[in-house]
Amino acid sequence: MQLPAAIRTALEQQLHTSVIDFIPASGGCINHGGAIKTQSGDAYFIKWNDARKFPGMFVAERHGLERLASTNTVRVPQPVHTFEHGPWQVIVMEYLSKAFPSPRYWELLGEQLADLHRHTSSSFGLDSDNYIGSLQQINTWQNSWPEFFILNRLEVQLRLARQRGKADGHLCKRFEKLYKLFGEIFPTEQPALLHGDLWSGNLINDIKGDPCLIDPAVYYGHREAEVAFTQLFGGFDNRFYEAYHACFPIQPGFDERSDIYNLYPLLVHVNLFGGSYLTAVKQILDRFGC
């Protein structure tokens, strides 16, 4: 999609310079976006969508980027502006020129993510809600990971799946049976700051070829949920996992419980896309006798 004239005018007002070029980005089912070049010589990456459909999405994204950047661990694009203009909401970010991955790309990502996960909170959640994909993500503070995971993650998605006709009462009862196992399944750890939506599609390279994370869905959660998420949809290079474990070892038994964490992103995909994702959810429930 080309840059609408109204958004171009609003950008020029925000940036105090003229937009002289726009290169649309491919892909993306929620937002329109691309790179802009300004008369002042600066380049930015912008995204826009309908604010009526996704209220507050880019404000939440900006807060997530700023929170991650404040840790001085993982690399994220610097947010510049968020604003609304007519029906549109817009986020303007640093434009990252890309290079081939550096020799220690995966090791660096593993080390940086381990450092990010050392930033902790006293409770699980966040001071505001945000989005995962196009779905709202509820981050109400909870005192324990099982409580947070059940109330703010699994139950939210199950209710939505029932409303959309993608789940039935029998599936919900299977989850209720699974919940009774959580006290034995999950090890106790402090809530860690998570990117929240960490898969290969939200990982790019910067001009040095080093890893950069985009499109966060941040919250303080169990760090194993983040590592499990990276294994979904193809997974990361083994060098990433080796570097992460060397810096911040995960407690024994992770391989057996990683599928439990991934029930959340799988349910998100059930609600967004349906199809085989529901089959994957049921297969995990089968594994745990639920």
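You'll find the structure just up there.
Described in the following lines is the structure provided in the data block. The residue numbering used here restarts from 1 in each chain and proceeds along that chain's sequence as written. Predicted model: local features are reported for residues with pLDDT of at least 70 only, side-chain atom pairs are reported and counted for 80 or more only, and whole-chain, interface and lining totals are derived from all residues. With hydrogens and water excluded, all non-hydrogen atoms of the structure serve as input to the side-chain values.

**Focus on the packing of helix 4 (residues 145-163) against helix 5 (residues 169-179)**
Helix packing geometry: the angle between the two helix axes and the distance between the axes. Orientation is described by lines fitted to C-alpha atoms, with helices fitted over the stretch in contact, and by angles between N-to-C directions that extend from 0 to 180 degrees. We count a stretch as a helix when DSSP gives it H or I for four or more residues in a row; a strand needs E for two or more, and each element gets its number in order from the N terminus. Helix 5 packs onto helix 4 with a crossing angle of 170° between their chain directions and a minimal axis gap of 10 Å. Classed by the angle they form, the pair helix 4 and helix 5 counts as roughly antiparallel. Contact with helix 4, carried on its side by Ile 150, Leu 154, Glu 155, Leu 158 and Arg 162, involves Gly 169, Leu 171, Cys 172, Phe 175 and Tyr 179 of helix 5 and no other residues of that element. Its residues assigned to classes, the contact of helix 4 with helix 5 shows seven nonpolar, one polar and two charged. Just so you know how the angles are binned, under 35 degrees is roughly parallel, over 145 roughly antiparallel, 65 to 115 roughly perpendicular, and the rest oblique. In this analysis, two residues are considered to be in contact whenever any of their non-hydrogen atoms come within 4.5 Å of each other. Residue type decides the class: Asp, Glu, Lys and Arg count as charged, Ala, Val, Leu, Ile, Met, Phe, Trp, Tyr, Cys and Pro as nonpolar, and the leftover types, Gly among them, as polar.

**Remarks on the state of the cysteines**
What counts as a disulfide here is a pair of cysteine sulfur atoms lying within 2.5 Å. In total, this model carries zero disulfides according to the counting rule given. Just so you know, Cys 247 is unpaired, no disulfide at all, and the nearest cysteine sulfur is the one on Cys 212, 19 Å from it. For every residue, the accessible area (1.4 Å probe, protein chains only) is compared with the maximum for its type, and the residue is labelled buried under 20%, exposed over 50%, or partly exposed between those bounds. Note on Cys 247: relative accessible area 28%, which makes it partly exposed.

**Quick look at the pairing of strand 5 (residues 88-94)**
Counting buried positions along strand 5 yields five of seven residues, so the element is predominantly enclosed. Whether two strands pair depends on DSSP finding at least two bridges between them. As paired elements, strand 3 (residues 43-50) and strand 5 share seven bridges and run antiparallel to each other. Across the sheet, residue Lys 47 finds its bridge partner in strand 5, namely Ile 91. Counting the residues in the hairpin turn of strand 4 (residues 79-85) and strand 5 gives two residues, including Gly 86, whose phi is positive at 60°.

**Describing helix 10 (residues 263-273)**
Residues that lie three or four places apart on an α-helix share one face, since the helix turns once every 3.6 residues. Across the eleven residues that make up helix 10, a large majority, nine, are buried. Considered for burial, the residues of helix 10 that qualify are Leu 263, Tyr 264, Pro 265, Leu 266, Leu 267, Val 268, His 269, Val 270 and Asn 271. One or two positions beyond helix 10, positive phi appears at Gly 274, with a value near 70°.

**Re the sheet that holds strand 5**
Note: strands within a sheet are paired through backbone hydrogen bonds, in either parallel or antiparallel orientation. Ordered by their spatial adjacency, five strands build an open sheet running 1-2-3-5-4, and the pairing between neighbours is antiparallel. In this open sheet, the two strands that pair with only one neighbour each are strand 1 (19-24) and strand 4. Strand-to-strand twist in this sheet, taken as the mean axis angle between neighbours without regard to direction, amounts to 25°.

**Topic: the nonpolar core**
By size, the foremost hydrophobic cluster in this structure holds 70 residues, and its most contacted members are Trp 145, Leu 154, Phe 175, Phe 182 and Ile 260. It is helix 4 that contributes the most residues to this core, eight residues altogether. The next biggest cluster of nonpolar side chains, apart from the first, holds 14 residues, and it includes Ile 7, Ala 10, Ile 36 and Val 92. In this description, a nonpolar core means a group of buried Ala, Val, Leu, Ile, Met, Phe, Trp, Tyr and Cys residues linked to one another through side-chain atoms lying within 4.5 Å.

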